[in-house]
Structure formats: C-alpha cells, structure tokens
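Residues per chain are reported as follows:
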Amino acid sequence: MASSPKSGDSSRRSQTAAKGAKGEAAPAAAAPEPPPVRRGEKPVNLGLQGGGAHGSFTWGVLDRLLEDGRIYFEGIVGTSAGAMNASVLASGLATGGREGARESLDAFWRKISEAAKKGPLQPTWLDKMLSVGNMDFSPGFLFMDSLSKMMSPYQLNPFNVNPLRDVLAEIVDFEALRKAKHPHLFISATNVLTGRLKVFQFEELSLDAVMASACLPFMFQAVEIDGNHYWDGGYMGNPPIYPLIYHTSVRDVLIVQINPVNIPDLPTSATAILDRINTLSFNSSLMREMRAIHFVSKLIDEDGLDPEKFRRILIHTIDAEDTMSSLGVSSKLNADMDFLLHMKGLGREAGETFLRNHFDKIGVESSTDIAAKFF
C-alpha cells in the first residue's frame, strides 16, 4: 500500500477540507475509481458515529436506506459502534448485496442482545417503567459503574473477555472485506501512546481493528496491533471525514449522528457530568472537520479557490437529537432487545424522513446547514 501523507499536508486537492483532522496515517489522495452506480441510484459516503447500544439507531437508518435501494454506498467510515455497523454493513454488501447487508445487521444486533443476557447489565422493571432505555436502577450497572472508577480492566477483566468479539467474528467476513473494491471501508481508532488517530483500511481491516475502534478504556484492555495500543476511536474522530474525501470520488457525505450536539438541561449529577464530557469529546473532532469543510466551501463560492482543484463536499445528516439528549450514559450499555428494537424503529423513521425530504438534494447541494448545526 502506498505511503500516506499527514493530514496537514495541503499539497493535494481535498486535504484542505480535512485540515482539522489529526491523523496517524492519513490515506493518500490517489485518483479514486468511480463507483459502479446503476440507473436510479445515487452514490454517497457514510460516516457512522459510535455510542454503544445507541448504534441500534444507525441499524434502523441503514435498514431503511438499504430497503429503499436508491442510495449506493461508495465509502463507509465508522468509529466504535459505528465501526461495528460499518464492518457488518460492508461485509453484508460484499457477500450478499443489500438484502445480505440487512440480514447481517439484523443478526448482529440480535446476537449482541442474546450475549448481553448472560451479563450483569440488565434493565429492571423500574427502569423500563420510567425510561425508554436508561438503567439508572439496575444493580448490575450501578455496581460496575462504581467498580470501574476504582479498578482498571486489567484488574477487573484480566483475561480480557469481550463477547462482542465472538459476535463480530461470526457475522463479518473480513477476508471478503479486504478483497472488495466497493464499498471502501475505513475504521478509526485512537493510538493510546501517541494520541493520534489511526485509520485502518484495505489489507489492514481485521477483527482486531474493529475491536480497537470500540475499545472503551474503562471496560476493556487496550487492543494491540503491530506493537501499537489502541482505544476507542471516538476520542480523536467520531467519525473522521477525511478518509472519505481522500479515497473516493463522491462529494456527498451522509453522517448518521448518535451523539447529541445540544442537550436540554444542565448536567448536575456526577454521572451526567461525565457523560456530557465524553459526548463533548466525541463530537469535537467532527465539529472541527465540519468547520474546515464549511470554510473551503465558502472560499469556493467567493472565487477564492479553484473549484477544479478543490472539491466541494456536500454534507447530509440523520440524527435523533431529541431522543438521544434525553438518554443517559447507562442506556449506551443497554442491549435489551426491546430497547434495541425501539432505537431501530426510530432509525427507520429518521431514514424515511431523510429520503422523503432530502433525497433529491444528493449530488446537488448539502441538506444540512453546517453553520447552524455545528457552529
């Protein structure tokens, strides 16, 4: 694989749009191969955020878009739960087309729920009565939450057991992912020692790469790959957009956003404060990249940049801000099937709304006002 420039290198046409990204090994900006789009389809790139069990919202969005059949996914970048959704989606598409992808996503989330039944993180009847997904009264959550603040996963989980690994290994065909020309898959993780963002792609795609992207440092030991240690990619890119700019010919980026930018109330409890700090951290890199993309687009509009050399990026978003902002950190660990299906339903509704209101804008203009949403 060709060596990759740093994200600050402005010698290539699209890198300016991603100048705010801090990368360990940014993909090279080689001329991308056009996607094999069929009549009636519109190509887009996908950016999938992480957020634990809230990723089941993304499951619903993807299920609706795949069912519709008018959108072709050229590039997919995912972080944490978004990396899991991305790898399951890409593997399903590579081996079974759209229906194969829908079946793989369904099987993945159902197996996650089945695996969770064997663990202590279960919502109580009171949790289900008072909230759609929070586990604030769950003895298992309260115990694990308290314990994780006093002991590290190297002490609590010395054998580094992670049931997600077995589920992913069963569902995702990583050999097919490495061989597939489309969609292009990018998985992000955070290098613990250097603080740099690492983007796994092409022959680097592996089960370890996805597990690294989803490695929550308070729950699991850092994932070692080629002598480097990685934590959750959300700390440095949730998700990073620049791999889609460098490695595809498609201008449209559809971000499925599950971390709320705005929340209605001031957090006052210790748990709520920590949750908000994590959300701010996980959104910060995306907001910087959105600012850079907006800046480049404005320069193109004002004839300050040559549109032949600098590509305008069109941004679309699907989110559920109202619902996500009302859910606490405990809900991100709630893999109860009732909650997952509820979130999937919200995702399908959001996907339907996007298709109805914004499908015609794909390839023409951004459907998201970047300044209003992210500034």
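Preceding this section is the structure that the text describes.
Sequence order sets the numbering: in each chain, residues are counted from 1 along the sequence as written. Since the coordinates come from a predicted model, pLDDT governs what is reported: local features require at least 70, and pairs of side-chain atoms require 80 or more to be given and counted, while whole-chain, interface and lining totals use all residues. Values reported for side chains reflect all heavy atoms of the structure, with hydrogen atoms and water molecules removed beforehand.

Considerations on the overall build of the protein
Helix and strand assignments come from DSSP, with helices taken as H or I runs of at least 4 residues and strands as E runs of at least 2, each series counted from the N terminus. The helix and strand inventory of the protein stands at 13 helices and 8 strands. Of all 375 residues assigned to the protein, the portion counted as buried reaches 54%. Accessible area of the protein: about 16,400 Å², with a carbon and sulfur share of 55%. Per-residue accessibility, obtained with a 1.4 Å probe over protein chains only, is compared with the maximum for each type, and a residue is labelled buried under 20%, exposed over 50%, and partly exposed between these values. Only the protein chains shown count as cover for residues, and all accessible areas are computed by the Shrake-Rupley method using a 1.4 Å probe.

A look at the nonpolar core
Nonpolar side chains in soluble globular proteins tend to end up buried together. Definition used in this section: a nonpolar core is a set of buried Ala, Val, Leu, Ile, Met, Phe, Trp, Tyr and Cys residues joined via side-chain atoms within 4.5 Å. One finds Phe 57, Ile 71, Phe 73, Ile 76, Leu 89, Phe 108 and Leu 168 to be the most contacted residues of the largest nonpolar core, which totals 65 residues. With 12 residues, helix α2 (residues 81–116) is the single largest residue contributor to this core. Dropping the residues within four chain positions of it, Ile 76 is found in contact with Leu 46, Leu 48, Ala 86, Leu 89, Ala 90, Pro 183, His 184, Leu 185, Phe 186 and Leu 244. Counting 19 residues, the second largest nonpolar core, distinct from the first, contains Val 199, Ile 241, Leu 244 and Phe 374. Contacts are assigned to residue pairs that have any heavy atoms within 4.5 Å of one another.

Some details on the pattern of salt bridges
Each salt bridge in this description consists of a side-chain nitrogen of Lys or Arg and a carboxyl oxygen of Asp or Glu lying within 4 Å of one another. Applying the stated rule across the entire model yields 22 salt bridges. One salt bridge in this structure joins Arg 348 and Asp 63, with 2.5 Å as the shortest N-O distance. Of the two residues, Arg 348 is situated in helix α12 (residues 337–358) and Asp 63 in helix α1 (residues 55–68); the sequence distance between them amounts to 285 residues. For Arg 348, a relative accessible area of 25% corresponds to the partly exposed category. Under the relative-accessibility criterion, Asp 63 is labelled buried at 6%. Asp 336 serves as the salt-bridge partner of Lys 128, at 3.4 Å between the closest nitrogen and oxygen.

Quick look at α1
Compared with the 20 Å implied by 1.5 Å per residue over 14 residues, the 20 Å span of α1 between its first and last C-alpha is a close match. Across the 14 residues of α1, 12 count as buried, placing the element largely inside the fold. Among the residues of α1, those classed as buried are Gly 55, Ser 56, Phe 57, Thr 58, Trp 59, Gly 60, Val 61, Leu 62, Asp 63, Arg 64, Leu 65 and Leu 66. Gly 69 sits one or two positions beyond α1 and adopts a positive phi of about 85°. Helix span, expected: 1.5 Å multiplied by one less than the number of residues in the helix.

Re the environment of Thr 323
Looking at the secondary structure, you find Thr 323 in helix α11 (residues 321–325). In this structure Thr 323 comes out as partly exposed when scored by relative accessible area, which is 22%. The spatial distance from the C-alpha of Thr 323 to the C-alpha of Ile 258 is 9.6 Å, given a sequence separation of 65 residues.

Comments concerning the pairing of strand β8 (residues 314–319)
Most of β8 sits inside the fold, with 5 of its 6 residues counted as buried. Strands are treated as partners if at least two bridges between them are detected by DSSP. Here 6 bridges tie strand β7 (residues 252–257) to β8, and the two strands are oriented parallel to one another. Its bridge partner lying in β8, Ile 255 is registered against Thr 317.

Quick notes on a nonpolar patch on the surface
Here a patch means residues that are over 30% exposed by relative accessible area and free of salt bridges, tied together within 9 Å if like-charged and within 5 Å if nonpolar (Val, Leu, Ile, Met, Phe, Trp, Tyr). A surface patch of nonpolar side chains, about 520 Å² in accessible area, is lined by Trp 125, Met 129, Leu 130 and Phe 137. Following the sequence through the fold, Met 129 ends up in helix α3 (residues 125–130).

Describing the pairing of strand β3 (residues 184–191)
For β3, the tally of buried residues reaches 8 of 8 residues, placing the bulk of the element in the interior. Residue alternation in β3 divides its side chains into two sets, His 184, Phe 186, Ser 188 and Thr 190 and Leu 185, Ile 187, Ala 189 and Asn 191, and both sets are buried. Across 5 bridges, strand β2 (residues 71–79) lies against β3 in parallel orientation. Along β3, the bridge assignment pairs Ile 76 with Leu 185. With 5 bridges connecting them, β3 and strand β4 (residues 197–201) associate as antiparallel partners. Its bridge partner lying in β4, Ser 188 is registered against Val 199. The hairpin formed by β3 and β4 contains 5 residues between the paired strands, and Gly 195 there has a positive phi angle of roughly 75°. Where β3 lies against strand β6 (residues 228–232), 3 bridges are found, and the strand directions are antiparallel. Across the sheet, the residue bridging to Ala 189 is Asp 232, located in β6.

A word on unusual backbone geometry
With an omega of -5°, the peptide bond between His 182 and Pro 183 qualifies as cis. Along the chain, Pro 183 falls in the loop between α7 (174–179) and β3. Residue Pro 239 follows Asn 238 across a cis peptide bond; omega there is -10°. For Ser 80, which is not glycine, the phi dihedral falls at a positive 60°. Position of Ser 80 among the secondary structure elements: in the loop between β2 and α2. In this structure, Asp 226 takes a positive phi of about 50° despite not being glycine.

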